[in-house]
Amino acid sequence: MSSHSPEPRAFDNSQTFPPSPTTRQGRGLSRRAALIGLGASGLGIWFWTRSSGESLIPALSGSRSMTQPSVLSSEDGILELTLRAEASQIPWRDGTRFALTYNGGTTGPTLQIRPGDKLIIHLENELEEKTNLHTHGLHVSPEGNADNVFVSIPPGETFTYEYDIPLSQRSGMFWYHPHDHGTVAKQVAGGLAGVILVRDSLDDLPWLAQSTERVLVLSDPPIGSDSRILDVGGMDAMAGRQGDAVLVNGVQAPTMTTEVGKLERWRMVNASSSRYYRLALTEHQLHLIGTDGGRLSEPRPVSDLLLAPGERIEFGITPEKAGEYELRALPYDRGGMGMGGMMGNRGDAGGSTDLTIAILSVTGTGPAASLPNQIDPEANPGLLEPTAKRVLTLGMGMGGMMGGGMSFTIDGNAFDGARTDSRVRFETVEEWEIVNTTPMDHPFHLHVWPFVLANDVNAGWKDTINVPANRSVKILVPFIGLMGRTVYHCHILDHEDLGMMGTIEVRES
Ligand code: C2O
Ligand code: CU
Ligand code: CU
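What counts as what
Residues numbered from 1 in each chain as written. Chains lettered and ligands numbered in written order. Predicted model: local features only at pLDDT ≥ 70, side-chain atom pairs only at ≥ 80, totals over all residues. Heavy atoms only, no water. Donors = N, O, S within 2.8 Å, 3.2 Å for Na, K, Ca; no water. Buried < 20%, exposed > 50% of the residue type's maximum accessible area, 1.4 Å probe, protein only. Pairing = 2+ DSSP bridges. Helix = DSSP H or I, 4+ residues; strand = E, 2+ residues; numbered from the N terminus. Axes fitted to C-alpha atoms, helices over the stretch in contact; angles between N-to-C directions. pLDDT = per-residue confidence, 0-100. Contact = heavy atoms within 4.5 Å. Polar contact = N/O pair within 3.5 Å; in protein donor to acceptor, adjacent residues only side chain to side chain. Core = buried A, V, L, I, M, F, W, Y, C linked by side-chain atoms within 4.5 Å. Domains from an automatic or database assignment. Salt bridge = Lys/Arg side-chain N within 4 Å of Asp/Glu carboxyl O. Phe/Tyr/Trp six-rings, centres within 6.5 Å; stacked < 30°, edge-to-face > 60°.

### Some thoughts on the coordination of the copper ion (ligand 3)
Surrounding the copper ion (ligand 3) are the protein donor atoms H442 (ND1), C490 (SG) and H495 (ND1), which sit 2.0 to 2.1 Å from the metal. On the primary sequence, the residues serving as donors to the copper ion (ligand 3) are separated as H-x47-C-x4-H. Taken as a pair, C490 and H495 share a single burial class, namely buried.

### Focus: the sheet that holds strand 9 (residues 194-198)
Overall, mixed pairing links the five strands, which are arranged 1-4-9-8-6 in an open sheet. Each edge of the open sheet is held by one strand with a lone partner, namely strand 1 (71-73) and strand 6 (134-136). Taken over all neighbouring pairs, the strand axes of this sheet differ in orientation by 25° on average, direction set aside. Judged from the five bridges that link them, strand 8 (residues 172-177) and strand 9 form a sheet pairing that is antiparallel. Across the sheet, G172 pairs through a bridge with V198, a residue of strand 9.

### What to know about the confidence of the model for the chain
Scored by pLDDT, the chain comes out at a mean of 87, with 85% of its residues at no less than 70. With pLDDT under 50 throughout, residues 1-53 is counted as low confidence; its partners more than four residues away or in other chains account for 103 contacts. Contacts of residues 339-350 to residues separated by more than four positions or lying in other chains number 31 contacts, the stretch itself having pLDDT below 50.

### Some remarks on the coordination of the copper ion (ligand 2)
Surrounding the copper ion (ligand 2) are the protein donor atoms H134 (NE2) and H445 (NE2), at 1.9 Å. Of this pair, H134 sits in strand 6 while H445 sits in strand 26 (residues 442-446), placing them 311 residues apart in sequence. Summarising the burial analysis for this pair, H134 and H445 share the class buried.

### Here we look at the environment of Q187
Along the chain, Q187 falls in helix 2 (residues 184-190). Classification of Q187 as buried rests on a relative accessible area of 0%. Discounting chain neighbours no more than four positions away, the residues touching Q187 are L100, L127, E129, K130, T131, P178 and L192. Polar contacts involving the side chain of Q187 include one to the main-chain carbonyl oxygen of K130, which spans 2.9 Å.

### Topic: the nonpolar core
If you look at the biggest cluster of nonpolar residues, it comprises 34 residues, and the most contacted ones within it are W432, F444, L446, W449, I475, F479 and I504. When we break this core down by domain, the ones giving at least three residues each are domain 1 (9-60 + 207-363) and domain 3 (388-507). The residues touching W432, leaving out its near neighbours within four places in the chain, are R390, L392, V424, F444, L446, V473, K474, I475, V477, F479, Y488 and I504.

### Notes on the sheet that holds strand 17 (residues 294-302)
Ordered by their spatial adjacency, seven strands build an open sheet running 12-11-10-14-19-16-17, and the pairing between neighbours is mixed. In this open sheet, the two strands that pair with only one neighbour each are strand 12 (251-252) and strand 17. Across two bridges, strand 10 (residues 212-219) lies against strand 11 (residues 247-248) in antiparallel orientation. Looking at the pairing, L218 lines up with V248 of strand 11.

### Quick word on the environment of L230
Secondary-structure assignment places L230 in the loop between strand 10 and helix 4 (234-239). Apart from residues lying up to four places away in sequence, L230 is in contact with F98, L100, K186, G190, P222 and R241.

### Some words on the pattern of salt bridges
Taken as a whole and assessed by the stated rule, the structure comprises 34 salt bridges. Residue K130 is joined to D180 by a salt bridge in which the shortest nitrogen-to-oxygen separation is 3.2 Å. Of this pair, K130 sits in the loop between strand 5 (118-125) and strand 6 while D180 sits in the loop between strand 8 and helix 2, placing them 50 residues apart in sequence. What makes D180 buried here is its relative accessible area of 6%. Between D494 and R241 there is a salt bridge, and its shortest N-O distance comes to 3.0 Å. In this pair, D494 is assigned in helix 5 (residues 493-497) and R241 in the loop between helix 4 and strand 11, connecting sequence segments 253 residues apart. It is possible to trace a salt-bridge network through shared partners that takes in R199, D203, E213, R265, R267, R295 and E314.

### Some details on the pairing of strand 28 (residues 464-467)
Neither face of strand 28 is open: one carries T464 and N466, the other I465 and V467, and all of them are buried. Across four bridges, the pairing between strand 26 and strand 28 is antiparallel. Bridge assignment links H442 to a residue of strand 28, and that residue is V467.

### Side note on the packing of aromatic side chains
Throughout the structure, instances matching the rule amount to nine aromatic pairs. With 6.3 Å between their ring centres and 65° between their planes, W432 and F444 make a pair best called edge-to-face. On the criterion of sequence distance, the pair formed by W432 in strand 25 (residues 429-436) and F444 in strand 26 is long-range, its members being 12 residues apart. Of the two residues, W432 and F444, neither departs from the other in class, the shared state being buried. A ring pair is formed by W432 and Y488, whose centres lie 5.6 Å apart and whose planes are at 80°; its orientation type is edge-to-face.

The following block contains the structure:
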């Protein structure tokens, strides 16, 4: 197969392979990141450059097939498992690479549960630093030993999480990852992530049950032989680190095979710490059928769709003729920390991703599969009347990182777990306007309570929404079902670690 020959623009010939941490470090320095003072007016005072575009390791030619993470399913209302977080050497090309793993896999096991289930996870911390676990998107309690991000598990210790999945939990794709403030970006970039699929009677509908469902975990780890690959400089952290290769379930540019007449259903999560993917499939429309918080009421045809870190989407694909098609990441500029067009520099935060993510190989002839007109009749939120309005301002200011760089803030404050930033009355609907005052995009994420977009309430339930540079987004959040204290933050995880996170407490009065 020749359709996915190496990406010429991305290949750095000077790079030895696999890169040792030393060559990697050298390449990092050659990026010539520059922090230059230009005056005293807030954000306008500095910019940075890189000596060249980003170097991504190209995929080898020859086809590798798509793999799926292992699956653990609940039985009789319970799923109990152990997740061991540890440093591992995992297979990579002809050798191995360093990674952080759950139970040794390039992706953690996929957990299949149903509304009403109990999920029990014994998290063994075999890392050299503290960690914890977050169930991103699940409508479960954020307190006690449930989805409590304020818990911190020291190295060598085990903590038992117990989640009561409410009957009101919508079916959909969620995911788990570490959430211990200060180490989240490196632990997720290292490989700690896995998928949670909540299934209900919707999944038993024949058209869904008979389609080919695939889980696609998009990651972009740093590639190297030891843990030094997880250390990045201040500039990379401020931009949001991007890794050396884009992988799907741990494999570079894997091939999926199918036949004309079959409905493909791809459930994708962006588990990269910072990288954005603007997804398109050559010669095909994608039919969006699900978002972060479950299925849409009706499929929406799209030619391409942006998947920011933390977000999920579910696509239906109906191939019409045999051939090889590429799932592409198209260029997208998520902005940089600086002067925009000044000096011809786009101020690109980490390089725009433009590559083949996976291949769809189609054989056979005949009529194409079709999608029903209705997906989930209960998906639309109906009338949501906000009783309170709140504005949250995402900002960057001088003086973070011991005076040497920027601090990342919400409403002017860097994260402090002891402070409560937003107090919300239980069983109210709030309208939140998320204002981005910075020249780079930030994916805003709220734990526990899914929301809809104020200007398109039928676009699906979300828990993470990209707020483009210098723009704002309005969301409607029903604070129902659960009370508790938790967080919202930027899902460029380096920004979260640098302080762009706030706390929220939802109580009856
Ligand atoms: Cu995916 Cu607060 O995280
Ligand atoms: Cu989350
Ligand atoms: Cu951010």
